[in-house]
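The lines below spell out each chain.
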Amino acid sequence: MRAPVDVVVAVHAPTRPIARAVASVLDDNGSHTRLTVVCHNVSPEVIGAELPPHHRDQVRWLEHRDDAPSASGPFNAGMRAATGDFVSIMGSDDTLQPGAVASWLQLARKTGAECVMTRLAIGGQARRVPTPPTRLFRVQPRLADAVRDRLSYRSAPLGLVSTRARLHLGAELVEGMPVGGDVPYVTRLWCETKVAVDAHGPGYVIGEDARDRVTYAPRPIEGELGFIHHLLEQPWFQAYPEPVRTAVATKMLRIHLFGVVVNRAEPAWWTQEERAALGRALEGLLRSAPRAADPLSKADHRVVEAIRDPRLDSTTLIQRAQDRRHHGRPGTLIPQHPLQVGHREAPLRFMAASWWAHR
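Conventions adopted
- Residues numbered from 1 in each chain as written.
- Predicted model: local features only at pLDDT ≥ 70, side-chain atom pairs only at ≥ 80, totals over all residues.
- Heavy atoms only, no water.
- Helix = DSSP H or I, 4+ residues; strand = E, 2+ residues; numbered from the N terminus.
- Rg over C-alpha atoms; globule rule 2.2 N^0.38 Å.
- Buried < 20%, exposed > 50% of the residue type's maximum accessible area, 1.4 Å probe, protein only.
- Contact = heavy atoms within 4.5 Å.
- Lys, Arg positive; Asp, Glu negative; His and termini not counted.
- Charge placed at Lys NZ, Arg CZ, Asp CG, Glu CD.
- Expected span 1.5 Å × (residues − 1).
- Core = buried A, V, L, I, M, F, W, Y, C linked by side-chain atoms within 4.5 Å.
- Phe/Tyr/Trp six-rings, centres within 6.5 Å; stacked < 30°, edge-to-face > 60°.
- Lys NZ or Arg CZ within 6 Å of the ring centre and 35° of its normal.

S.K.: Looking at this model, I keep getting lost on the overall build of the protein chain. Mind explaining?
M.R.: Across its full length, the protein chain carries 16 helices and 11 strands. On C-alpha atoms alone, the protein chain measures out to a radius of gyration of 21 Å, which is about the 21 Å that the 2.2 N^0.38 rule sets for 359 residues. If one aligns the C-alpha atoms of the protein chain with their principal axes, the spans along those axes are about 60 × 45 × 40 Å. For the protein chain, with 359 residues in total, the buried portion stands at 58%. Of the contacts formed within the protein chain by residues at least 6 apart in sequence, a portion of 77% connects residues at least 24 apart. The averaged location of the 38 negative side-chain charges in the protein chain is 8 Å from the averaged location of its 45 positive side-chain charges.

S.K.: Teacher, can you tell me more about helix α5 (residues 100-111) here?
M.R.: Residues lying three or four places apart along an α-helix face the same way, a consequence of the helix completing one turn every 3.6 residues. For α5, with 12 residues, the first-to-last C-alpha span of 17 Å sits near the 16 Å given by 1.5 Å per residue. Every buried residue of α5 is accounted for by Ala100, Val101, Ser103, Trp104, Leu105, Leu107, Ala108 and Thr111. Just past α5, the residue Gly112 takes up positive phi, approximately 75 degrees.

S.K.: Looking at this structure, I do not really get the nonpolar core. What am I missing?
M.R.: Nonpolar side chains in soluble globular proteins tend to be buried together. Formed by 58 residues in total, the largest nonpolar core has its most connected members in Leu35 and Val37. Counting 42 residues, the second-largest nonpolar core is a separate cluster that includes Met177, Ile221, Leu253 and Leu282.

S.K.: What exactly am I supposed to notice about the packing of aromatic side chains here?
M.R.: Within a pair of aromatic rings, the relevant descriptors are the distance that separates the centres and the angle that separates the planes. In the structure shown here, the tally under the stated rule is 6 aromatic pairs. Taking the centre distance of 5.0 Å and the plane angle of 45 degrees together, the rings of Tyr153 and Phe350 count as tilted. Of this pair, Tyr153 sits in the loop between β8 (127-129) and β9 (159-162) while Phe350 is found in helix α16 (residues 347-358), placing the two residues 197 residues apart along the sequence. The exposure class of Phe350 is buried, given its relative accessible area of 14%. Ring geometry for Phe237 against Tyr240: centres 5.7 Å apart, planes inclined by 65 degrees, an arrangement best described as edge-to-face. Note on Phe237: relative accessible area 1%, which makes it buried. Ring-pair connections join several aromatic residues into one group, and the members of that group are Trp236, Phe237 and Tyr240. Directly above the aromatic system of Phe350 lies the positively charged group of Arg254, at a separation of 4.0 Å from the ring centroid.

S.K.: Whenever I open this one, helix α4 (residues 72-80) confuses me. Can you help?
M.R.: Within α4, 8 of the 9 residues are buried, which leaves it mostly tucked inside the rest of the structure. Taken together, the buried positions of α4 are occupied by Ser72, Gly73, Pro74, Phe75, Asn76, Ala77, Gly78 and Met79. Buried residues in α4 make contact with β1 (5-11), β2 (33-40), β3 (60-64), β4 (86-91), α6 (163-169) and α7 (183-192).

Next up, the structure:
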């Protein structure tokens, strides 16, 4: 009998805890799934040797070779080979909690969702990841709204994706990008399909023991934020209504642009070229969505000003990016534009929704 869900795991080295990932699918979610392991620039024999025989024989093995230090290629290869109603991708360092796939399927059937966002947790203690910060007191089960439920804050397509919807959109992960190849993909899914959020069921656990994931390595801003330019250039994104483009752009400002500054805390790192690349990403977002920064806090706007003004030294840029993370101070609670205080992306509503999602 054909399994309703194809789970695709991409792995690039036998040092990854692939046996743990496979066991979490086959032992705890196997009744609803077919498992495909895509070996990225490594032979299936090498990876298969890491599994016990009773698991090795239950896996469909694929081999994918390319020159890109990115999981997008192998994940796309696995998704193209999927035949189930839904496909789910999974990192080799991660695990599924028992019953996760059944919970996703149940929610999809109740709501008619084409995509189901899973609950995310981190590490052995399964610390909850509060994304997306959906509307408070949402009645379950129900379909989510891309703007009102802030779906763009979930950057990874973890959970279920309808095979039919994916093929209809022609949506795939962007190959060749060192980071962010999943952002354009999920943007189409969250904005153009019926989405449900499984906020309370068993979920997807992100492993903490990975130290060489390709997306963790520091890189120049042009490569780090290249996915933003790629997204903004897509005709389908340009055709989105202004509120949708604005919601996506606000998230990118808050998470990606401000985040790259905090993660590069050495002033000497910020050469003129890197500052210029950061400025280009900012201006691209604001051309696409001129009001994207309006609901952000006073502290956030000080970062925007520093990005825009190359006369300000890099120490000031870094300090302002760090200051905006001191939550609870007046500058982080009050929007730059007072009339935006009740906006869903303004600090108070956004923080309340994040708290609610964390509970």
